[in-house]
Every structure is written in structure tokens, then in C-alpha cells.
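Structure at a glance
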2 protein chains.
Amino acid sequence: MKKFLWKKFSITNDSRNNPIFFHKNPVERLGFLFYIIYICPMDEIIKHIQKFISLNNDEAEIVLSYFKTETFKKKQLLLQENQTCNKQYFIIKGCVRFYINNTKGIEQTLQFGIENWWITDYLSFQYQTPSHFNIQAIEKLETLSIDRTSFEELLERFPKLEKYFRLVIQKSFGASQVRIHYLFTMSAEERFHHMNNMFPEFIQRVPQYMLASYLDFSPEFMSKIRAGKV
Amino acid sequence: MKKFLWKKFSITNDSRNNPIFFHKNPVERLGFLFYIIYICPMDEIIKHIQKFISLNNDEAEIVLSYFKTETFKKKQLLLQENQTCNKQYFIIKGCVRFYINNTKGIEQTLQFGIENWWITDYLSFQYQTPSHFNIQAIEKLETLSIDRTSFEELLERFPKLEKYFRLVIQKSFGASQVRIHYLFTMSAEERFHHMNNMFPEFIQRVPQYMLASYLDFSPEFMSKIRAGKV
DNA sequence: TTGTTTTCTTGAAGTAGTTCAAGTTTTTTG
DNA sequence: CAAAAAACTTGAACTACTTCAAGAAAACAA
């Protein structure tokens with residue numbers, strides 16, 4: 001039901017220029033209001049922004065207009081190695097992995113992303129250089145995306161968003177440091193149990209072999225840990 | 001010689017209220033001008049900021065006034081585990097390591113910092129929570145430091161610095177991702193040679209055992225790699 | 001529902017690293 | 001400059017993981 005409405009009312013970049021969407025008469029906008037308040041998952045990004053900085057309703061609408069909804073099928077790539085990353089994605093629904101192909105041709109997961117997370121290769125996005133990374137949908141995925149140009153425009157129009165993005169990246173960076181900490185201080189088994197305790201629901205969502213590579217051991221070893229055979 | 005002058009003219013936070021320093025008469029300020037233009041390493045931070053955003057001379061002086069020069073002896077700690085990190089440091093001269101004590105009581109380096117780098121535990125600094133990390137001077141160290149409160153004030157006074165700090169952190173985050181990439185795809189020996197090729201001058205500056213832990217292998221193994229005995 | 005693909009399991013053999021302990025070299029300090 | 005401290009080296013024994021190969025189970029598509 002939710003999903004049906006979501007698709008039906010799906011708002012694209014063009015909404016920015018759609019007079020109905022921005023019409024001030026509340027009756028005429030009823031459908032959209034309902035959509036925005038009760039159903040629209042796009043609302044999540046506004047809530048997320050408002051956790052870090054203030055943003056009133058009018059601003060929120062304009063901010064939203066800079067984003068495009070983009071959906072991906074399971075296994076579809078959002079970014080491929082050697083391509084330049086020209087979008088930043090905010091995950092509305094679903095799950096992605098950020099991975100590389102190592103020298104033996106095995107895919108190694110560096111990061112996962114779930115609802116309300118930003119995902120992109122910041123270096124490639126910022127400096128428009130080819131990426132070393134792949135980003136792939138693990139589940140059917142709904143995102144809000146913004147390209148490099150719109151992103152610049154958005155930040156120029158709302159400089160206070162600089163603060164929002166600074167804080168978002170700061171958090172990601174912090175998480176990345178803590179991750180290295182865990183890789184360095186825990187044994188394979190400890191890393192698995194730690195992950196298991198911290199994110200019990202999450203580990204249900206991704207194939208074991210991806211989790212194994214994220215925790216930096218082989219899928220076979222994961223199997224043995226789970227079976228208590230180590 | 002340089003060092004002597006540096007010490008002699010060392011500018012502290014109090015400079016903000018020092019009428020001589022900000023006096024507009026160029027003759028009276030000659031010493032300081034000379035200092036600022038030819039000797040003052042504080043200038044480096046301004047140059048660094050100007051690489052990312054525009055900043056005129058008047059602004060630069062005010063920005064500088066928010067910082068304090070702080071020096072550390074070799075081995076001195078800038079931040080200790082379990083303390084809350086309440087400063088952000090910009091390194092003028094010297095070298096630091098960002099490390100943890102692992103479960104076996106061995107110190108494991110997660111990051112190095114050299115001239116023109118920012119170093120702090122961003123999570124602890126931002127959310128004022130106890131840090132998991134230590135930051136230590138590896139060489140005699142000169143920094144510019146800014147505390148949490150001054151940092152907030154600075155950003156409020158110059159909102160465009162939000163962009164600067166966003167870009168700085170973005171770069172650090174990118175570097176951290178690339179680092180994990182290397183850890184995952186290269187063997188110990190490859191990681192060493194890669195580091196050797198990329199930063200030949202840097203590896204001269206730090207003890208081998210710190211480098212070994214940064215590259216995630218034992219000091220003994222480093223020794224064997226270097227001797228070609230592996 | 002059935003066939004196909006993807007994911008997970010298991011044990012045996014192998015290896016890239018660690019750990020330990022003792023000695024040597026280099027750097028720092030008074 | 002000598003003494004002390006810190007950093008580096010070496011080889012032998014060990015181990016936490018990997019790799020391989022083959023089969024079982026689960027998920028997916030037609």
C-alpha cells in the first residue's frame with residue numbers, strides 16, 4: 001500500500017518547476033500534504049537535516065526540489081570502479097554496499113549503508129577523479145540523489161547546509177576510525193560477535209559472505225565461527 | 001635562527017586583545033609584519049584555508065586570533081584515552097600519531113599527522129564524549145589549537161569556514177577509506193613497499209615499530225621485510 | 001512447482017603472519 | 001663523553017587464519 005502510493009506520487013527533480021506542487025492553497029495540496037506528512041519517505045531527509053540544523057517548511061520544500069528520487073534493483077550498481085562519481089545518495093529504503101575488487105578478483109566490502117545514510121565516494125565526487133570503489137544495491141533500493149552541480153547550487157543557496165554536511169561527514173569519518181580500531185584490536189571471532197551484538201537486525205539483511213568480507217575474514221571462516229567450530 | 005624568532009615572537013590567544021599587534025600603523029607593526037610574512041608559521045594555516053575558500057587579510061588576522069600556539073615535547077600526549085577531546089590541532093611543525101592501546105597492551109597507530117594537517121578525535125570533540133584514542137607528539141611539535149567554544153564562535157563569525165572544514169574532513173575521510181582499501185587488498189610486504197614508494201621521506205621520520213603497527217604487522221616482521229628475509 | 005542460481009557448510013592441507021627471547025645497534029640524556 | 005634507554009634484528013616455534021574442493025541448503029525466476 002505504502003509502496004503503491006510512493007510510486008504513484010514519486011517526486012522528481014521537475015517538481016521544482018511544478019506549480020501544483022508548490023501551490024499554497026491547502027485544499028488543492030491536500031493530496032501532496034498527505035503524501036508529504038504521512039507517506040513521503042522524502043520527508044526523512046528533512047528530518048535528518050533538522051537533527052543537525054534548523055530548516056523551516058518553505059526551505060525544506062526548496063531543498064527537496066534539488067533532489068531526484070532514484071530507485072535501483074537488487075544488485076544494481078550505483079557507482080562502478082573507474083567511473084567518476086557524480087552523485088551523492090541519501091538512502092530512503094534499502095541497503096547498499098561500498099566495495100572493491102581485490103587483487104584476487106574477490107569483492108571486499110568496506111562499508112554498508114542503510115536507511116537515512118548518505119553514500120558516495122567523497123573523493124571522486126569532490127575532485128571528479130575516477131573512483132576506486134563500487135557501490136551496489138543489496139536490496140531493492142530507493143534513494144534521493146543529487147548531482148555535483150545541483151549540490152553546489154544547493155550549498156550556495158543554503159550555506160547553512162555546509163554545516164549539515166560537515167557534521168554528516170564528520171560522523172562518517174569518526175565511524176571509519178572506530179572501524180579501523182576494531183579491525184586492529186579484535187580477533188575475527190570477536191569482530192563477528194561484536195557486530196552480532198551491536199546490529200543483530202542488520203546482519204539478517206545481508207548475505208554472510210558480504211559480512212565476512214566487511215569483517216575481514218573468509219566466508220568459510222564465518223561459517224565455522226557461527227557453527228562454533230573454531 | 002628561524003626557531004629562535006618563532007619563539008621570541010610566539011603569538012598566543014591573547015594577541016586578540018593586544019593593541020600593538022593589531023595597530024594599523026605599518027611602521028609600528030613592522031616587526032610583526034616581517035614576522036607574519038617571512039617567518040610566522042601561523043601563516044601556513046591561512047594559506048591552507050585559502051586553498052579551499054577565499055579569505056582576505058583582515059579576515060585572516062581575525063581568524064588567527066581564535067587560535068593559540070601550543071607546543072609539545074617529543075612523546076607528550078595531546079589527547080589521552082578516556083579524556084574528552086576538547087581541542088582541534090593544526091600542525092605547524094612536527095609529527096604526531098593517533099593510536100590506541102590494544103587488548104595486549106600494545107600501541108597501535110591508526111593515523112599519522114604532519115605539517116599542515118588537522119588532528120583531533122572528531123567524534124569526541126563534536127559530541128564531548130570520552131575518546132577511545134591517544135594523540136602523541138612523535139617529534140617536537142608546534143601546533144595551532146582551538147577549543148570547542150572558540151571553534152563554535154569562529155564558525156558563527158565566519159560561516160564560510162564551515163565549507164573549509166567540510167572539505168578538510170571530507171579529504172580525511174576519503175584518505176581513511178583508501179587506507180582501509182590498502183589494508184584489505186595488499187599483503188604486509190606490499191603495504192610496506194607501497195608506503196615506501198609513496199612517502200619515502202616520511203618513513204624516515206617515524207620509528208619503524210610505529211610504521212609497522214600503522215601498516216598492521218609486527219615490528220619483527222617489518223625488520224624481516226626490510227632485510228629481504230621474507 | 002521445478003530447475004537454476006546463489007549462498008552456506010565442512011574438513012584437510014597450507015601459509016602469512018605472530019610471538020618469544022636474546023642479542024645488537026642507535027639514540028638520548030645528563 | 002659514558003651510561004641508559006629506546007629501537008632494531010634474528011631465528012625457531014607456533015597459530016589464526018586462508019584456500020581448495022565438493023556437497024547441501026536456500027532463494028529466485030520462469
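Residues numbered from 1 in each chain as written. Chains lettered and ligands numbered in written order. Predicted model: local features only at pLDDT ≥ 70, side-chain atom pairs only at ≥ 80, totals over all residues. Heavy atoms only, no water.

1. Considering the interface of chain A and chain B
Every contact between the two is made by 42 residues of chain A and, on the other side, 42 residues of chain B. Taken together, the two surfaces of chain A and chain B that pack against each other cover about 3800 Å², and 66% of this comes from carbon and sulfur. Area buried by chain A at its contact with chain B is led by Arg 166, Phe 173 and Phe 184 of chain A, which between them contribute 21% of it. The partner of Lys 163 of chain A in a salt bridge is Glu 162 of chain B, with the nearest N and O atoms 3.1 Å apart. Where chain A packs against chain B, one counts seven residue pairs in polar contact (both at pLDDT 80 or more). Of all the secondary-structure elements, those providing two or more residues to the side of chain A that touches chain B are strand E4 (96–101), strand E5 (107–113), helix H6 (122–127), helix H7 (148–157), helix H8 (160–185) and helix H10 (208–214) of chain A. (Contact = heavy atoms within 4.5 Å. Buried area = accessible area lost by both parts, 1.4 Å probe. Salt bridge = Lys/Arg side-chain N within 4 Å of Asp/Glu carboxyl O. Polar contact = N/O pair within 3.5 Å; in protein donor to acceptor, adjacent residues only side chain to side chain. Helix = DSSP H or I, 4+ residues; strand = E, 2+ residues; numbered from the N terminus.)

2. Let's talk about the packing of aromatic side chains
Residue and element names in this part refer to chain A. Tallied over the entire structure, the rule returns 28 aromatic pairs over all chains. For the pair Phe 98 and Phe 133, a centre-to-centre distance of 4.7 Å together with 35° between the ring planes defines the contact as tilted. Of this pair, Phe 98 sits in strand E4 while Phe 133 sits in the loop between H6 and strand E7 (134–137); the two residues are 35 residues apart in sequence, bridging distant segments of the chain. There is no split in this pair, since Phe 98 and Phe 133 are both buried. (Phe/Tyr/Trp six-rings, centres within 6.5 Å; stacked < 30°, edge-to-face > 60°. Buried < 20%, exposed > 50% of the residue type's maximum accessible area, 1.4 Å probe, protein only.)

3. A look at the UniProt feature "domain: Cyclic nucleotide-binding" (unreviewed entry) in chain A
Those places that UniProt annotates as "domain: Cyclic nucleotide-binding" (unreviewed entry) correspond, in this numbering, to residues 51–155 of chain A. End C-alpha atoms of residues 51–155 of chain A are separated by 18 Å, and the span's content is 24% helix alongside 39% strand. (UniProt positions renumbered as here; feature names shortened; annotations may be inferred.)

4. A closer look at the protein's contact with DNA strand C
Not every one of the 18 residues close to DNA strand C is listed here, only the nearest: Gln 208, Ser 223 and Lys 229 of chain A together with Lys 104 and Ser 218 of chain B. Backbone sugar and phosphate groups make up 70% of those atoms of DNA strand C lying within 4 Å of the protein. Here a base nitrogen of DNA strand C and a side-chain polar atom of Lys 224 of chain A are 3.2 Å apart. Among the elements of the structure, H10 and helix H11 (219–226) of chain A together with helix H11 (219–226) of chain B are those that each provide at least two residues to the surface near DNA strand C. Looking at the surface near DNA strand C residue by residue, the classes come out as six nonpolar, four polar and eight charged. (Near = heavy atom within 4 Å. Nonpolar A, V, L, I, M, F, W, Y, C, P; charged D, E, K, R; others polar.)

5. Here we look at the protein's contact with DNA strand D
Taken together, 19 residues lie near DNA strand D, and Lys 74 and Lys 104 of chain A together with Gln 208, Ser 223 and Lys 229 of chain B sit nearest. Each atom of DNA strand D within 4 Å of the protein belongs either to a base or to sugar and phosphate, the latter forming 72%. At a separation of 2.8 Å, a phosphate oxygen of DNA strand D approaches a polar side-chain atom of Lys 74 of chain A. One of the side-chain N or O atoms of Ser 218 of chain A is found 2.9 Å from a phosphate oxygen in DNA strand D. Looking at the surface near DNA strand D, the elements with two or more residues in it are H11 of chain A together with helix H10 (208–214) and H11 of chain B.

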